[in-house]
Amino acid sequence: MARYREVKYLLVALACTALWSNCLAENPCAGGPPVQMNPAECCAIPMLVDGSIMMECYQKYGEQTKKQLQMDGTPRGCCIAECGMNATSMYADGMLKRDDLTKMFMDSVKEKPEWMAIVRDATNACFELAEQKKDEIEAGAKLEPSFEGEQICNPISGTVLRCMGMIMFGQCPKSVFVASEDCSKLRDYGSMCPII
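Residues numbered from 1 in each chain as written. Predicted model: local features only at pLDDT ≥ 70, side-chain atom pairs only at ≥ 80, totals over all residues. Heavy atoms only, no water.

Mapped onto the fold, Gln 68 is located in helix α2 (residues 51–69). Using a relative accessible area of 10% as the deciding quantity, one classes Gln 68 as buried. A polar atom in the side chain of Gln 68 sits 2.7 Å from the side chain of Glu 150. Discounting residues that sit within four places of it in the chain, Gln 68 has contacts with Arg 76, Gly 77, Phe 147, Glu 150 and Gln 151. (Helix = DSSP H or I, 4+ residues; strand = E, 2+ residues; numbered from the N terminus. Buried < 20%, exposed > 50% of the residue type's maximum accessible area, 1.4 Å probe, protein only. Polar contact = N/O pair within 3.5 Å; in protein donor to acceptor, adjacent residues only side chain to side chain. Contact = heavy atoms within 4.5 Å.)

Encoded structure:
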């Protein structure tokens, strides 16, 4: 229960940070992470979705996603995430199959007990976040392409997967997290901004 409260607190902080950043003239995420290192060097986060699927989706949509993260206005859907959810049959018609997705996430950490409670609580919290952002998600799904070749994807998959990644990185168990100044900076950045 204490872990769930921590995750809920982190989500509230994320939501407040997102609202605050919308009020700022400058996007705090636009400059990218403050240190040039792979988050996996700080925390070996378990892959919730098959890595080969996500790599294939990243190769297809990675450049588009980087451009979209620099854009202001209504958040655009992450086609990398939607591609991954389509490939695992977890997404259909603007909806994620919550029960199936929860099972897939939990199965991915069944050999890593230190992650079980974190993933369970994060899954619940991220679906709650998606429900809170329902209007924004629907608006993002109706956007028109803003640059040549841009594909518009429903934001639901990206909202949930990004939230999962941010919470898991932020809640990385002490036994897994690399205690260093650079990793702490990256974790602080990751609490506000998606890390690609």
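Next, the rest of the story.
It is worth spelling out the state of the cysteines at this point. A covalent bond bridging the sulfur atoms of two cysteines is what the word disulfide describes. Counting across every chain of the model gives 5 disulfides. In this model Cys 79 forms its disulfide with Cys 153; the gap between the sulfur atoms is 2.1 Å. Taking the sign of the S-S torsion, 110° for the link of Cys 79 and Cys 153, the bridge is right-handed. Here the residue Cys 79 occupies a position in helix α3 (residues 79–87), and Cys 153 occupies one in the loop between α6 (134–141) and α7 (155–170), the gap between them amounting to 74 residues. For the residue pair Cys 79 and Cys 153, the accessibility class agrees, reading buried in each case. Shown here is the disulfide that connects Cys 126 with Cys 163, its sulfur atoms set 2.1 Å apart. (Disulfide = S-S within 2.5 Å.)

The next subject is the packing of aromatic side chains. A ring pair, where both rings are aromatic, is described by two values, the distance of the centres and the angle of the planes. Evaluated as defined, the whole model comprises 1 aromatic pair. Here the aromatic rings of Phe 169 and Phe 177 are separated by 6.3 Å at their centres, their planes lie at 70°, and the arrangement is edge-to-face. Of the residues examined, Phe 177 reaches a relative accessible area of 12% and is grouped as buried. (Phe/Tyr/Trp six-rings, centres within 6.5 Å; stacked < 30°, edge-to-face > 60°.)

Turning our attention to helix α5 (residues 113–132). Taking 1.5 Å of rise per residue, 20 residues should cover 28 Å, and α5 covers 30 Å from first to last C-alpha, within 8% of that figure. Within α5, burial applies to Trp 115, Ile 118, Val 119, Asp 121, Ala 122, Thr 123, Ala 125, Cys 126, Phe 127, Leu 129 and Ala 130. (Expected span 1.5 Å × (residues − 1).)

Our next topic: the nonpolar core. Of all hydrophobic cores here, the largest spans 45 residues; its most connected members are Met 85, Leu 101, Phe 105, Val 119, Val 160 and Met 164. Secondary structure elements with two or more residues in this core: α2, α3, α4 (98–108), α5, α7 and α8 (181–190). With near-sequence residues (within four places) excluded, Val 119 lies in contact with Leu 48, Phe 105, Met 106, Val 109, Met 164 and Met 168. (Core = buried A, V, L, I, M, F, W, Y, C linked by side-chain atoms within 4.5 Å.)

In the contact formed by α2 and α3, the axes pass within 8 Å of each other and the chain directions differ by 155°. Here α2 is positioned roughly antiparallel relative to α3, judged by the angle of their axes. Considering how the two elements wind past one another, α2 and α3 form a crossing that is right-handed. In this structure, α2 uses Ile 53, Met 54, Cys 57, Tyr 58, Tyr 61, Gly 62, Gln 64 and Thr 65 to contact α3, whose residues at the interface are Cys 79, Ile 80, Ala 81, Cys 83, Gly 84 and Ala 87. In terms of residue class, the contact of α2 with α3 is built from 10 nonpolar, 4 polar and no charged. (Axes fitted to C-alpha atoms, helices over the stretch in contact; angles between N-to-C directions. Parallel < 35°, antiparallel > 145°, perpendicular 65-115°, else oblique. Left-handed = near helix turned anticlockwise from the far one by under 90°. Nonpolar A, V, L, I, M, F, W, Y, C, P; charged D, E, K, R; others polar.)

Our focus in this paragraph is unusual backbone geometry. A positive phi angle, close to 60°, is found at Ser 89, a residue other than glycine. Note that Ser 89 resides in the loop between α3 and β1 (91–92). The backbone of Asp 93 sits at a positive phi, close to 50°, despite the residue not being glycine. Checked against the element boundaries, Asp 93 lands in the loop between β1 and β2 (95–96).

In this section: the pattern of salt bridges. Applying the stated criterion across every chain yields a total of 6 salt bridges. Residue Lys 66 is joined to Glu 63 by a salt bridge in which the shortest nitrogen-to-oxygen separation is 3.6 Å. Of the two residues, Lys 66 and Glu 63 are both situated in helix α2; the distance of 3 residues between them amounts to about one turn of the helix. Owing to a relative accessible area of 35%, Lys 66 belongs among the partly exposed residues under this scheme. Residue Arg 76 is joined to Glu 150 by a salt bridge in which the shortest nitrogen-to-oxygen separation is 2.5 Å. In this pair, Arg 76 is assigned in the loop between α2 and α3 and Glu 150 in the loop between α6 and α7, connecting sequence segments 74 residues apart. (Salt bridge = Lys/Arg side-chain N within 4 Å of Asp/Glu carboxyl O.)

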